[in-house]
Amino acid sequence: MQLTPDRRRTGHRAFVALALAALLAAPTGTTAAPQPPAPRAAAAAPLTAGIAVFDRRTGTFTERRHADRRFRSASVVKLLIALDFLWTRGPSYAVPPADRRRLDAMLRSSDDSAAQYFWKRGGGAAAVTRMASRLALTRTAGPPPAYPGFWGYTAVTAADTVKVYRYLLDSAPAAVRDFVLGRLRRSARCAADGFDQRFGIPGAFERPWAVKQGWSGFGAAGGCGGHRRPGGGAPAAGPRTAGPGGLDLVREALHTTGTVGAGDRSIVTVLTLHPDGTPYGTATARLTALTRSLRVPGGVRTAHGQP
């Protein structure tokens, strides 16, 4: 039977609802509306997600679920570290060659040693505080007081991360926009620490896209095998314990953030926490499936299962 446009739209909404119900378990302590019960297999191993998809053409969110819930940032905070460094370099925004190489490694290959260098240079959590004030990030904050050097424990939300990309696309000086997004568009498949970065946005959608990914708590098995090289001991994360203010420092964190579609049509942020002990490959597959199920204007989905 040939479906009418109205039936196709209804079918897609039903598919999205079922996919989200299967992949997500609503976090406790929220005011979210009750969700349909998840299938039994998903209920055995739920993930927690904060989701925000913003359509720049219409100026509206097409997806927004627990968008103000705080997650530990993992490497997503590297966006703020880079922007803080570049903020005072105007009007020419010239970057010395050595710093340019570090920024390139930090943004494209998620290099932790480069992030640690700029974190110390920027005064640690002060860089996050400055950028939160500059960009009106209402729920973003530096690491818990007990972990001042652990930049990966910065608290971020899906909604605030969308604001960061909106600044880059709509307000940042052209030199800053081109510098940062140019590197995110050329994100390396294998990160400096040997983790495969082709999950979430780049696993779910065809180019053009620009991405900054994040992961924390998965140990050494990152999927890139021989590409692994030491990260220089940079403290992306410390002891995996419960953090203050509800910030989860225990479960495995996996995040995909960036833009999708021609002209950076959509801004997509999916922040997730997985049951403790979840293998990296399992987490990336689940996050990619969740990302693929979202309404992302301008996005062209990859063939199912093809990153």
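If you're wondering where the values come from, they're calculated on a predicted model, not measured in any experiment.

Caption draft 1: Quick look at the state of the cysteines. For the coordinates displayed, the defined rule picks out one disulfide. Paired through a disulfide, Cys190 and Cys224 show a sulfur-sulfur distance of 2.2 Å. Taking the torsion about the S-S bond as the criterion, the Cys190 to Cys224 disulfide, at about -90°, is left-handed. Here Cys190, found in the loop between helix H8 (174-184) and helix H9 (201-204), pairs with Cys224, found in the loop between strand E5 (209-216) and strand E6 (252-260); they are 34 residues apart in sequence, far enough to count as distant. The class for Cys224 is buried, based on a relative accessible area of 8%.

Caption draft 2: Looking closely at the environment of Asp84. Of note, Asp84 is situated in helix H3 (residues 78-87). Note on Asp84: relative accessible area 9%, which makes it buried. Spatially, the C-alpha atoms of Asp84 and Arg134 are 9.6 Å apart, while their sequence positions differ by 50 residues. A distance of 2.8 Å separates polar atoms of two side chains, one belonging to Asp84 and the other to Arg130.

Caption draft 3: Spotlight on the pairing of E6. For E6, the tally of buried residues reaches nine of nine residues, placing the bulk of the element in the interior. Bridge count for E5 against E6 is eight bridges, and the pairing is antiparallel. Bridge pairing in E6 links Lys212 to Thr257. In this sheet, strand E7 (residues 266-274) lies alongside E6 in antiparallel orientation, the contact comprising nine bridges. Paired with Glu252 across the strands is His274, a residue of E7. Between the antiparallel neighbours E6 and E7 lie five residues, among them Gly261 with a positive phi of about 100°.

Caption draft 4: Highlighting unusual backbone geometry. Note that the residue after Gly90, namely Pro91, is joined by a cis bond; omega there is 5°. Considering the arrangement of structural elements, one finds Pro91 in the loop between H3 and helix H4 (97-108). The amide bond that connects Arg207 to the next residue, Pro208, takes the cis arrangement and shows omega of 10°. Within the element layout of this structure, Pro208 appears in the loop between H9 and E5. The backbone of Ala74 shows a phi angle near 50°, a positive value even though the residue is not glycine. Given the relative accessible area of 3%, Ala74 is considered buried.

Caption draft 5: Region of the structure containing the side chain of Thr157. Tracing the sequence through the fold places Thr157 in the loop between strand E4 (155-156) and helix H7 (158-170). Setting aside its immediate chain neighbours within four residues, Thr157 contacts Ala67, Asp68, Arg69, Arg70, Arg139 and Leu271.

Caption draft 6: View of the pattern of salt bridges. Taken as a whole and judged by the stated rule, the model has 15 salt bridges. Across the salt bridge formed by Arg295 and Glu63, the nearest N and O atoms sit 3.0 Å from each other. Placement of Arg295 in the segment after helix H10 (280-292) and of Glu63 in strand E2 (residues 60-65) is noted, with a sequence separation of 232 residues between them. Note that Arg64 is salt-bridged to Asp68, the shortest N-O span being 3.4 Å. For Arg64, a relative accessible area of 46% translates into the label partly exposed.

Definitions and limits used
Residues numbered from 1 in each chain as written. Predicted model: local features only at pLDDT ≥ 70, side-chain atom pairs only at ≥ 80, totals over all residues. Heavy atoms only, no water. Disulfide = S-S within 2.5 Å. Helix = DSSP H or I, 4+ residues; strand = E, 2+ residues; numbered from the N terminus. Buried < 20%, exposed > 50% of the residue type's maximum accessible area, 1.4 Å probe, protein only. Polar contact = N/O pair within 3.5 Å; in protein donor to acceptor, adjacent residues only side chain to side chain. Pairing = 2+ DSSP bridges. Contact = heavy atoms within 4.5 Å. Salt bridge = Lys/Arg side-chain N within 4 Å of Asp/Glu carboxyl O.

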